[in-house]
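Here is how the chains run, residue by residue.
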Amino acid sequence: MHTIEKIGGTSMSDYVSVRDNIILKSSNTGSLYQRVFVVSAYGGITDKLLEHKRSGQPGVYGLFASSIEDRSWLLALEQLKCEMYDHNLLLFGKDELLIRANNFIDERLQDAQKCLTDLHSLCMHGHFALDAHLATVREMLASIGEAHSAWNMAELLQRDGINACYVDLTGWDTDRHMSLDDRISSAFQDINLDTQLPVVTGYAHSQDGLMSSFDRGYSEMIFSRLAVLTNAREAIIHKEFHLSSADPRLVGEDNTVPIGRTNYDVADQLANLGMEAIHPKAAKGLRKHNVPLRVKNTFEPEHTGTLITGDYVSDTPRVEIIAGCRGVYALELFDQDMAGSIEDYDQEILGLIKRFRAHIVSKDVNANTITHYLTTNLKTVKRIRTALAARFPEAELDQKKVSIVSAIGSDMEVPGILAKAVSALADGGISVLAIHQSMRQVDMQFVIDEADYDTAVQSLHKALVEVHDHGRAICLSSYSAQRLS
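Everything in this summary refers to the structure shown in the same document. (Residues numbered from 1 in each chain as written. Predicted model: local features only at pLDDT ≥ 70, side-chain atom pairs only at ≥ 80, totals over all residues. Heavy atoms only, no water.)

### Side note on the pattern of salt bridges
Thinking step 1. Scanning all chains against the criterion turns up 21 salt bridges.
Thinking step 2. Two residues, Lys25 and Glu302, come together in a salt bridge whose shortest N-O distance is 3.3 Å. One end of the pair, Lys25, is in the loop between α2 (15-23) and β2 (35-39); the other, Glu302, is in the loop between β7 (293-297) and β8 (306-309), and 277 residues separate them in sequence.
Thinking step 3. Among the residues examined, Lys25 registers a relative accessible area of 38% and is labelled partly exposed.
Thinking step 4. For Glu302, a relative accessible area of 65% gives the class exposed.
Thinking step 5. Linking Glu78 and Lys81 is a salt bridge whose minimum nitrogen-to-oxygen distance equals 3.6 Å. On the criterion of helical spacing, the pair formed by Glu78 and Lys81 is a turn pair, its members being three residues apart in helix α5 (residues 72-92).
Thinking step 6. Of the residues examined, Glu78 reaches a relative accessible area of 39% and is grouped as partly exposed.
Thinking step 7. A single salt-bridge network, built from bridges that share partners, covers Arg19, Asp20, Arg159 and Asp160. (Salt bridge = Lys/Arg side-chain N within 4 Å of Asp/Glu carboxyl O. Helix = DSSP H or I, 4+ residues; strand = E, 2+ residues; numbered from the N terminus. Buried < 20%, exposed > 50% of the residue type's maximum accessible area, 1.4 Å probe, protein only.)

Now the structure itself:
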């Protein structure tokens, strides 16, 4: 009868709202317990530990990895400690708990600094290569942010009269390597969900390493595996906003509506655009084991949010959400010799893109041209382009910064919907550079000039979403009641 619930970094930075809107307003028949909370690092902390998620600005990891001679990572680590101290001061005030909180994070940071210093010295010798250890360094540093927020939250809840317990999956003090499932099972074997409220680190150490597969989506994988392994009634993600029909800042709050119900296909499309409801690989486990996922707004606790299941299809085919991403790089390779051997070119291009860890949103292919639409920074695009030029010296390469706007829905099999969408964009004075629509009928993508993004979202939302009667808001409580029974 329990739920597994995840709290994002932005929400975690507002403890009072988390306590009052999430912890004290239970979705579990009024009980404080029968819930498990997986928490992310405070907003911005993982960026400082690794690198900024959007700009690529290096954090401690990025600085350490970039040059074995440079010790600027030490300064970054010291600045990070000061920022963590500031978080602690805001949360605990000047009392005894503040000293304990600072001591906890001090111990982690000092251990990390010693490991990095020793590794730096070791790799000054020719027989040891830094690159061979960077994946482990990245995992170690990432774990500090989640340990910080989880420990703090457990202590604050205990202070406020709730029997919370800190569950550390980071493997910081263990000398045993084990699988993710074994680490979770071991940590929960003595926990009584009837009387305890576990606060779990959003990072877990495993023998295979989470970041090599999920990178910054590791906390959602922990959340998903916990829900599956413990046979949760429901998985809940608490965000600082609703999963809505569009960004209310662009189309107006009065014109947007929470989606209410949708399926995992839609969640996957959103993740592909960088607007994750949940990481696709984490969603796969929930879908396979029929665990419903609910996305709720931390600051509107009475609202039932959006329920995502594997079998849901809208009662009437329609567009449910207009979403997209700015700052996408269209990287085009034209080669006359490609005709008849597209597969060979495609395989090598994909290998290079994967090597430089750029995310592919979409791609176009014709007889002699392949265009990939990448969400990454300009430095990475230039590296990929240089590698492609070396591999295909006769090819013509071009790049352009664009935006992608997508219309998404669990069932969009509506005659003429593509024509209606293109017409809406044309009426807004927007030229479409490329269009993608799959036979699965869950999304349409429009590649446009970067400057046209806002207008495109507004035009598509008005033409495809606002025309429907959204008084149809589905009562999710009836679904929950069925699950409880």
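Having seen the model, we can carry on.
### A few points about the environment of Ala330
Thinking step 1. Looking at where Ala330 falls in the secondary structure, it is placed in strand β9 (residues 321-334).
Thinking step 2. When the C-alpha atoms of Ala330 and Ala390 are compared, they prove to be 19 Å apart, with 60 residues separating the residues in sequence.

### Focus on the sheet that holds strand β10 (residues 359-365)
Thinking step 1. Taking strand neighbours across the sheet as the criterion, the six strands line up as β10-β11-β9-β12-β14-β13 in an open arrangement whose pairing is antiparallel. Among the strands making up the open sheet, the edge pair consists of β10 and β13 (432-437). Neighbour-to-neighbour, the strand axes of this sheet turn through a mean angle of 30 degrees, independent of strand direction.
Thinking step 2. Of the strand pairs in this sheet, β9 and strand β11 (residues 369-375) are connected by six bridges, and their pairing is antiparallel. Bridging across to β11, Ala330 finds its partner in Tyr373.
Thinking step 3. Each of β9, β11 and β12 (396-408) touches helix α15 (residues 378-391); the most contacted strand, β12, lies at about 130 degrees to it.
Thinking step 4. Helix α16 (residues 417-427) rests against β13 and β14 (443-449) of the sheet, and its axis sits at about 25 degrees to β14. (Pairing = 2+ DSSP bridges. Axes fitted to C-alpha atoms, helices over the stretch in contact; angles between N-to-C directions. Contact = heavy atoms within 4.5 Å.)

### Section: the nonpolar core
Thinking step 1. Within the largest apolar cluster, 108 residues are counted, with the highest numbers of intra-cluster contacts made by Leu141 and Leu286.
Thinking step 2. In terms of residues, this core owes the most to one element, helix α7 (residues 134-159), which gives 13 residues.
Thinking step 3. Residues in contact with Leu141, not counting those within four places in the same chain, are Leu49, Leu50, Val60, Tyr61, Ala112 and Leu116. (Core = buried A, V, L, I, M, F, W, Y, C linked by side-chain atoms within 4.5 Å.)

### Description of unusual backbone geometry
Thinking step 1. A positive phi is found at Arg357, a non-glycine position, where the angle reads about 60 degrees.
Thinking step 2. Positioned with a positive phi, Gln441 is a non-glycine residue whose angle comes to about 65 degrees.
Thinking step 3. By the secondary structure assignment, Gln441 is in the loop between β13 and β14.

### Regarding the environment of Asp160
Thinking step 1. With respect to the helices, strands and loops of the structure, Asp160 is situated in the loop between α7 and β3 (164-167).
Thinking step 2. For Asp160 and Arg19, which are 141 residues apart along the polypeptide, the C-alpha to C-alpha distance reads 9.2 Å.
Thinking step 3. Residues contacting Asp160, with those up to four places away along its chain left out, are Tyr15 and Arg19.

### Brief notes about the sheet that holds β3
Adjacent strands of a sheet form backbone hydrogen bonds with each other and so pair up, either parallel or antiparallel.
Thinking step 1. Spatial strand order, β3-β4-β2-β1-β5-β7-β8-β6: eight strands in an open sheet with mixed pairing. Edge strands, defined here as strands with exactly one partner in the open sheet, are β3 and β6 (261-263). Between one strand axis and the next, the sheet turns through 25 degrees on average, direction left out of account.
Thinking step 2. Pairing of strand β5 (residues 234-239) with β7 involves five bridges; the strand directions are parallel. In the strand pairing of β7, Lys239 is matched with Asn297.
Thinking step 3. Across the sheet, helix α12 (residues 264-272) lies against β6, β7 and β8, angled at about 80 degrees from β6, the strand it touches most.

### Quick look at α5
Thinking step 1. Here α5 contains 21 residues, and its C-alpha end-to-end distance of 31 Å stays within 8% of the 30 Å for a straight helix at 1.5 Å per residue.
Thinking step 2. Those residues of α5 that sit buried are Trp73, Ala76, Leu77, Leu80, Met84, His87, Asn88, Leu91 and Phe92. Down the axis, α5 shows its buried residues gathered within 130 degrees of arc, on one side only. For α5, exposure combined with an orientation more than 90 degrees from the buried face picks out Leu75 and Leu90.
Thinking step 3. Trailing α5 by a residue or two, Gly93 shows a phi angle of about 70 degrees, which is positive. (Expected span 1.5 Å × (residues − 1). Arc of directions from axis to C-beta.)

### Some remarks on helix α14 (residues 342-355)
Each turn of an α-helix holds 3.6 residues, which means side chains three or four residues apart point in the same direction.
Thinking step 1. A rise of 1.5 Å per residue sets the reference length of α14, with its 14 residues, at 20 Å; its end C-alpha atoms lie 20 Å apart and thus fit the reference within 8%.
Thinking step 2. Of all the positions in α14, only Tyr345, Asp346, Ile349, Leu352 and Ile353 are classed as buried. Buried residues of α14 fall within an arc of 130 degrees about the axis and therefore sit on the same side. Exposed residues on α14 whose side chains face more than 90 degrees from its buried face are Glu343, Gln347, Lys354 and Arg355.
Thinking step 3. Buried residues along α14 sit in contact with β9, β10, β11 and α15.
Thinking step 4. One or two residues past the end of α14 sits Arg357, with phi positive at roughly 60 degrees.

Function cannot be read off these values alone, since they describe shape.
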